[in-house]
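Structural overview for review
Take a look at the letters that make up each chain.
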There are 2 protein chains.
Amino acid sequence: MHTKNIHAHLDEIKDCFQTAVSVDCVIFGFDNTALKVLLIESDLKEYKGSWSLLGNIMRPDEDLDEAAYRVLRERTGLEDVYMEQIQTFGALKRHPAGRVITVAYYSLVNIEHVALKKHNNELHWHTVKDIQHMAFDHKQILDTCYERLKRQLIEQPIGFNLLPGKFTIRDLQNLYEAILDVKLDRRNFRKKFLSLNVLEDLNEAQEAVSHRPAKLYKFNFEKHELQKKRFLGIGF
Amino acid sequence: MHTKNIHAHLDEIKDCFQTAVSVDCVIFGFDNTALKVLLIESDLKEYKGSWSLLGNIMRPDEDLDEAAYRVLRERTGLEDVYMEQIQTFGALKRHPAGRVITVAYYSLVNIEHVALKKHNNELHWHTVKDIQHMAFDHKQILDTCYERLKRQLIEQPIGFNLLPGKFTIRDLQNLYEAILDVKLDRRNFRKKFLSLNVLEDLNEAQEAVSHRPAKLYKFNFEKHELQKKRFLGIGF
């Protein structure tokens, strides 16, 4: 077998070092009524009036994942939030400035938390299901991330990142209904979730509500790990 | 808000068009005993004696996903196989030739199918759990894809891509045991899987085996879609 060294290899592929890599963050939030996504007004004339995901070009001196966290931090002031790489989009003509492939991350945040941290007129929370058009291929990226979120929500307790630390079962149901875009039976939802044994009763009730105060719960991650094993179709 | 056009934007980011993007295919196969991965001997002097994933640089004139299918086709002769983008790896120093980020795809194939299609001395099926070192960051990529495979296997019927069209329950158990690296109780596995109602009894028995011939099954994808709804933790 013929072996070559890096220099020969580099020479062979040098025309390929002409791509830019960007990261785009799909930052989902929940306001107890609807699933929202944080968007920015595009600053490119070609996309004037369109909204885009919060993204930027990866710098030559930073890791890909670092770039994603930098974008999130720069745009929202947030650090230490749930963030996951979802998919890379690399269609030929997806960016008018040249060959740019983009790595999409999604982040699930408590919507009030973001609002408090940074006031920025160019950023807006949009209701996901009302969004029709976006700049670039960002609608496709949003749709892909939203589909992943729905799948994860029914397989894993990922949705808890979108809720405050203490929540009622009604809050939890609102979250599932908003994200999955379905109406669920209140009693069945309650019964099912309590039977899953992943919620911890805090022995506290809501305060300052006009209706009868509901019990507050938190999610118990340890219980979840045990529980997960029982979900597995093959039973170990 | 200040808007700019593409040319101004391009000027701003022109130094960023210096990245190469590659695809790496983690091609998993199963030989009824062990989970295997198809590797190639590295042709770079720096990595002589090391094995690497089947990959290549994305061309300037092809979509990212096209590049992945091209690599698979060029290396194995295979088309139309299950392939899924898993994760993009973009650490700073991951490639000695410069800034190369790589998009990892995994593919699940019937191992005999590949062997028949293409004979290539540089390609070898390696037992996944025996692999210690690989070229570049390919061990990390393999580990990531293997973890994803394990997760998918217990959440979805993805493993069926690794089996022939007709299989026995013992074959299926072998697959689960090999991938998850566990020993499962034969009777419980059988009972559990039959109760899942996703297998279709073909009313055929194995031929040319020395032991008592076992029944052959195929997977019923329609039943699975129904079944999936019942797996969901929240029951709709």
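Bear in mind that the values here come from a model prediction, so they are computed numbers and not experimental data.

What counts, and where the lines are drawn
Residues numbered from 1 in each chain as written. Chains lettered and ligands numbered in written order. Predicted model: local features only at pLDDT ≥ 70, side-chain atom pairs only at ≥ 80, totals over all residues. Heavy atoms only, no water. Helix = DSSP H or I, 4+ residues; strand = E, 2+ residues; numbered from the N terminus. Buried < 20%, exposed > 50% of the residue type's maximum accessible area, 1.4 Å probe, protein only. Contact = heavy atoms within 4.5 Å. Areas by Shrake-Rupley, 256 points an atom, 1.4 Å probe, with all protein chains shown as cover. Axes fitted to C-alpha atoms, helices over the stretch in contact; angles between N-to-C directions. Parallel < 35°, antiparallel > 145°, perpendicular 65-115°, else oblique. Left-handed = near helix turned anticlockwise from the far one by under 90°. Polar contact = N/O pair within 3.5 Å; in protein donor to acceptor, adjacent residues only side chain to side chain. pLDDT = per-residue confidence, 0-100. Buried area = accessible area lost by both parts, 1.4 Å probe. Salt bridge = Lys/Arg side-chain N within 4 Å of Asp/Glu carboxyl O. Nonpolar A, V, L, I, M, F, W, Y, C, P; charged D, E, K, R; others polar.

Focus: the overall build of chain A
The helix and strand tally for chain A stands at seven helices and nine strands. Counting over 236 residues, chain A shows a buried share of 50%. Expressed as a percentage of contacts within chain A between residues at least 6 apart in sequence, the contacts between residues at least 24 apart total 64%. Of the roughly 12,000 Å² of accessible surface on chain A, 47% is carried by carbon and sulfur atoms.

Examining the packing of helix H4 (residues 138-155) of chain A against helix H5 (residues 169-180) of chain A
Residues and elements named next belong to chain A. Following both chains from N to C, one finds H4 and H5 inclined at 140°, their axes separated by 10 Å at the closest point. Here H4 is positioned oblique relative to H5, judged by the angle of their axes. Note on packing geometry: the crossing formed by H4 with H5 is left-handed. Residue-level contacts link Tyr146, Leu149, Lys150, Leu153 and Ile154 of H4 to Tyr176, Ala178, Ile179 and Leu180 of H5.

Overview of helix H6 (residues 186-195) of chain B
Two or three places before arginine 187 of chain B, at the start of H6 of chain B, stands the capping residue aspartate 185 of chain B, its side-chain oxygen 3.3 Å from that residue's backbone nitrogen. Following H6 of chain B by one or two positions, asparagine 197 of chain B adopts a phi angle in the positive range, close to 65°.

What to know about the confidence of the model for chain A
Looking at chain A as a whole, its pLDDT mean stands at 85, while 89% of the residues score no less than 70. Every residue in residues 229-236 of chain A is under pLDDT 50, and counting partners more than four places away or in other chains gives 18 contacts.

As for the interface of chain B and chain A
You'll often see interface size given as the accessible area lost when the parts meet. At the interface, 66 residues of chain B touch 66 residues of chain A. Overall, the association of chain B and chain A removes approximately 5,600 Å² of surface from exposure, summing both partners, and the carbon and sulfur fraction of that is 65%. Counting across the interface, chain B meets chain A through zero salt bridges. Applying the counting criterion to the chain B and chain A interface returns 16 residue pairs in polar contact (both at pLDDT 80 or more). Counting only elements with at least two residues in the side of chain B that touches chain A, the list comes to helix H1 (6-13), strand S1 (20-30), strand S5 (82-89), strand S6 (100-110), helix H4 (138-155), helix H5 (169-180) and H6 of chain B. Of the residues in the side of chain B that touches chain A, the class split is 32 nonpolar, 17 polar and 17 charged.

Some words on the side chain of histidine 138 of chain B
Residues and elements named next belong to chain B. On the secondary structure map, histidine 138 appears in helix H4. Its relative accessible area of 3% is what places histidine 138 among the buried residues. Here leucine 53 takes part through its backbone nitrogen, which lies 3.0 Å from a polar atom of the side chain of histidine 138. Leaving out residues up to four positions away in the same chain, histidine 138 has contacts with Asp24, Ser52, Leu53 and Arg94.

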